[in-house]
Amino acid sequence: MDRLKLSHIDEELDSSEVAALRFLCLGIVNRKRMEGIKDAKQLFLRLEENGLLDNGVFLAELLHTIRRADLLSLLEADSRRPEETDARPTLSPYRVMLYGIYEDMTTENFEKMKFLLSSKLGRRQIEASNTALDLFVEMEKADLLSPTKLNDMHAVLKEFDQQLALTNPPPLPHCFRYSLSDYYFRPRDVTFHRFYSSVEGERIYSDAQPNRQPSSVANEYYDLNHNPRGLCVVINNEKFLGEELKDRGGTQEDANVLKSVFSRLGFTVVVHNNLTASRIRSELRELSKNDFLAHDALVICVLSHGEKGCVFGTDEKKVGLRELTLPFTSKNAPTLARKPKLFFIQACQGDGYQEGSVPCPPRPGEEEVRHSRLQEDAGPVRGETVAWDADFLMGMATVPECKSFRNTSTGSIYIQELCRQLIRSADSVEMDDILSVLTRVNREVGKGEYLTHKQMPEPKYTLTKKLVLKYV
């Protein structure tokens, strides 16, 4: 983003507003990297390091949240189409809720809050807290406050301000869906009970478990009790050795975002770059020999060219989708029995195109950009039957017979949207299972237009329970 614009915004923000921005960015930017930040310029550098200032959307969201809409005129919306941009993190609804409480808190109530928490926080932590935001951070450090630990907060708010305990700021809009003007002026109407029910005696449960469910219903969810949750293996094929398949520019962006998202979801991520067909098979065979007793789930992502029923190694030889899943059946990997095994495949599945109507003509100059940067992950079209076993999910970038698309600068349409929706679900207090996430991916990808064509992802599954992925 233009440094001059950022400098102008910095000049307009006072120290309390910078502190608020810093608080809102916790969890998106590493806490240690946020220490010592005194002005907005330093914060912008941290955001830039994390790729959050590639356009004005994330910064606009921050300014809107702290009620500095007057500065939005300094920003310009990214001229690229939404399907051509990176998946962007959005602010945590939990953290926005805390900011709303801070906004509405009087000095008197803040002093009461410090007194009420003095038995749980040390004297140094209380004295170091000059604002409610400081106090929230100290509560988080003491493990008294998190998206799944709101009991202490709610008890304190009820003690001195019943109305404050029932109100909080608005839900975060989905920046990809709306124009900036659409989302700056949304009603602030969401209540605290969306994060914590005020029913007397009700408990808070982990986001990885169903809330207030009897044991028979709780068994409908896969257990996610270990840290790390398990392995996420990414096979990232970019450079191809023959002449038939082109190199896959932009795939490194997919590998990076998958590593970031699944690490935050509690998985140990391993990335294998540029594997031939035989290497793909051997790596998966070796992986299947692991002892998965201390793992809750397995995730395997394959980023490559493909055709119907298979993907390609860098030597342009095929690996059937069945070959990817077979090593991990309960017969071949018994310690993975009854555990979810997720496969996400970014590859074409044929040589055809999904078609759809164009809602409006492209803006001048867009057609050239789209044709120059969007590519197809396709190969020759041949068929292969794919068999399925219990507790598998296969998330395909496209339906059979059709191509999928990848931006050579920002990554594939499917993987970027998948990661954006996984982040949204992990941040939400709702118990969205993986099938709900993939339904939203289908909807968002299906709305786009790529080289004048459409793309329709396709999840297939034999899951026997609901799988909810939250941050560890």
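Scroll up to find the structure this text is about.
Predicted, not measured: the structure shown is a model, and the values here were computed from it. In this convention, every chain numbers its residues from 1, walking through the sequence in written order. Restriction of local features to residues with pLDDT of at least 70 applies here, the model being predicted, together with a cutoff of 80 or more for giving and counting side-chain atom pairs; totals for whole chains, interfaces and linings are based on all residues. As a convention, hydrogens and water are excluded, and side-chain values are obtained from all of the structure's heavy atoms.

**A word on the overall build of the chain**
Link 1 in the chain: Across its full length, the chain holds 18 helices and twelve strands.
Link 2 in the chain: Residues counted as buried form 53% of the 472 residues belonging to the chain.
Link 3 in the chain: Here a residue-residue contact requires only that any non-hydrogen atoms of the pair lie within 4.5 Å. Counting only contacts in the chain whose residues sit at least 6 apart along the sequence, the fraction spanning at least 24 positions is 78%.
Link 4 in the chain: Methods summary: accessible areas were calculated by the Shrake-Rupley approach with a probe of 1.4 Å, and residue burial reflects only the protein chains presented. By element, 48% of the accessible surface of the chain is carried by carbon and sulfur atoms, the whole surface being about 20,900 Å². Counting from the N terminus, the helices are DSSP H or I runs at least four residues long and the strands are E runs at least two residues long. Summary of the burial criterion: residues with accessible area below 20% of their type's maximum are buried, those above 50% are exposed, and those between are partly exposed, where the area comes from a 1.4 Å probe applied to protein chains only.

**Notes on helix H9 (residues 132-141)**
Link 1 in the chain: Counting buried residues in H9 gives eight out of ten residues, a clear majority hidden from the surface.
Link 2 in the chain: Along H9, the residues classified as buried are Ala 132, Leu 133, Leu 135, Phe 136, Val 137, Glu 138, Met 139 and Glu 140.
Link 3 in the chain: Immediately beyond the C-terminal end of H9, within one or two residues, lies Asp 143, with a positive phi of roughly 60°.

**Here we look at the environment of Phe 267**
Link 1 in the chain: Turning to its location among the elements, Phe 267 is positioned in strand E2 (residues 267-273).
Link 2 in the chain: With a relative accessible area of 5%, Phe 267 lands in the buried category.
Link 3 in the chain: The spacing of Phe 267 and Cys 232 is 35 residues in sequence and 6.0 Å in space, taken between C-alpha atoms.
Link 4 in the chain: Contacts of Phe 267, omitting those with residues within four sequence positions, involve Arg 229, Gly 230, Leu 231, Cys 232, Phe 262, Ala 297, Val 299 and Leu 469.

**Let's talk about the environment of Glu 283**
Link 1 in the chain: Residue placement: Glu 283 occurs in helix H14 (residues 277-288).
Link 2 in the chain: Looking at Glu 283, the relative accessible area reads 23%, which means it is partly exposed.
Link 3 in the chain: Sequence separation between Glu 283 and His 272 is eleven residues, and the spatial gap between their C-alpha atoms is 9.0 Å.
Link 4 in the chain: Non-local contacts of Glu 283, meaning those with residues more than four positions away in its chain, are made with His 272 and Leu 275.

**Structural notes on the sheet that holds strand E6 (residues 318-320)**
Link 1 in the chain: Ordered by their spatial adjacency, three strands build an open sheet running E4-E5-E6, and the pairing between neighbours is antiparallel. Strands at the two margins of the open sheet, each flanked by one partner only, are strand E4 (306-307) and E6.
Link 2 in the chain: In this scheme, strands are said to pair when DSSP sees at least two bridges between them. Summarising the sheet, strand E5 (residues 310-312) and E6 pair through three bridges and their orientation is antiparallel. Across the sheet, the residue bridging to Phe 312 is Lys 318, located in E6.
Link 3 in the chain: All axes are obtained by fitting lines to C-alpha atoms, using only the stretch in contact for helices, and the reported angles, taken between N-to-C directions, cover 0 to 180 degrees. Against the sheet, H14 makes contact with E5 and E6, and its axis sits at roughly 35° relative to E6, the strand it touches most.

**Digging into the sheet that holds strand E1 (residues 230-236)**
Link 1 in the chain: Spatially, six strands are ordered E2-E1-E3-E7-E9-E12 in an open sheet, and the strand pairing comes out mixed. Sheet topology places E2 and strand E12 (458-461) at the edges, where each strand pairs with a single neighbour. Pairs of neighbouring strands in the sheet enclose a mean axial angle of 15°, with direction left out of account.
Link 2 in the chain: Looking at chain direction, strand E9 (residues 392-396) and E12 are connected through four bridges and run antiparallel. The residue of E12 that forms the bridge with Leu 393 is Tyr 461.
Link 3 in the chain: This element, H14, spans E1, E2 and strand E3 (297-303) of the sheet and lies at about 175° to E1.

**Comments concerning the pattern of salt bridges**
Link 1 in the chain: Definition used for salt bridges: Asp or Glu carboxyl oxygen within 4 Å of a side-chain nitrogen of Lys or Arg. On inspection of all chains with the given rule, the structure shows 26 salt bridges.
Link 2 in the chain: Between Asp 152 and Lys 120 there is a salt bridge whose closest N-O contact spans 2.3 Å. A residue pair is termed long-range when its members are at least 10 positions apart, and Asp 152 in helix H10 (residues 151-160) and Lys 120 in the loop between helix H7 (107-117) and helix H8 (123-127) qualify at 32 residues.
Link 3 in the chain: A salt bridge links Arg 443 to Glu 444; the nearest nitrogen and oxygen atoms lie 3.7 Å apart.
Link 4 in the chain: Glu 444 gets classed as buried once you look at its relative accessible area, which sits at 11%.
Link 5 in the chain: A network of salt bridges, in which partner residues are shared, links Asp 10, Asp 39 and Lys 41.

**A short note on the packing of aromatic side chains**
Link 1 in the chain: Paired rings are identified among Phe, Tyr and Trp, the last through its six-membered ring, by centres lying within 6.5 Å, and are further divided according to the angle between planes into stacked (under 30 degrees), edge-to-face (over 60) and tilted (the rest). The tally for this structure, following the rule as stated, stands at seven aromatic pairs.
Link 2 in the chain: Note on Tyr 99 and Tyr 102: the rings are 5.6 Å apart at their centroids and 45° apart in plane angle, and the pair reads as tilted. In this pair, Tyr 99 and Tyr 102 are both assigned in helix H6 (residues 93-104), three residues apart and thus about one turn of the helix distant.
Link 3 in the chain: Since its relative accessible area comes to 22%, Tyr 102 is described here as partly exposed.
Link 4 in the chain: Site record: aromatic cluster; members linked through ring pairs are Phe 262, Phe 267 and Phe 344.
Link 5 in the chain: Should the NZ of a Lys or the CZ of an Arg lie within 6 Å of a ring centre and within 35 degrees of the ring normal, that charge is described as sitting over the ring. In this structure, Arg 95 is placed above the aromatic ring of Phe 23, and the distance from its NZ or CZ to the ring centre is 4.8 Å.
Link 6 in the chain: Here Lys 341 stacks its cationic end above the ring of Phe 392, 5.2 Å away from the centre of that ring.

**Here's the deal with the nonpolar core**
Link 1 in the chain: The set of buried Ala, Val, Leu, Ile, Met, Phe, Trp, Tyr and Cys residues whose side-chain atoms join them within 4.5 Å is what this entry labels a nonpolar core. Counting residues in hydrophobic clusters, the biggest one holds 53 residues, and the most contacted among them are Leu 47, Leu 62, Leu 98, Met 113, Phe 136 and Met 139.
Link 2 in the chain: For this core, the secondary-structure elements that each account for two or more residues are helix H1 (3-12), helix H2 (15-25), helix H4 (40-49), helix H5 (57-65), H6, H7, H9 and H10.
Link 3 in the chain: Throughout the structure description, domain borders are defined by an automatic or database domain assignment. Split by domain, this core shows at least three residues from each of two domains, domain 1 (3-76) and domain 2 (94-167).
Link 4 in the chain: Sequence-distant contacts of Leu 62, defined by excluding residues within four places in its chain, comprise Leu 21, Leu 24, Cys 25, Leu 47 and Leu 91.
Link 5 in the chain: In terms of nonpolar packing, the next biggest core, distinct from the first, is built from 39 residues, Leu 422, Ile 423, Val 437 and Leu 467 among them.

Keep in mind that these numbers describe shape and distance, not what the molecule does.
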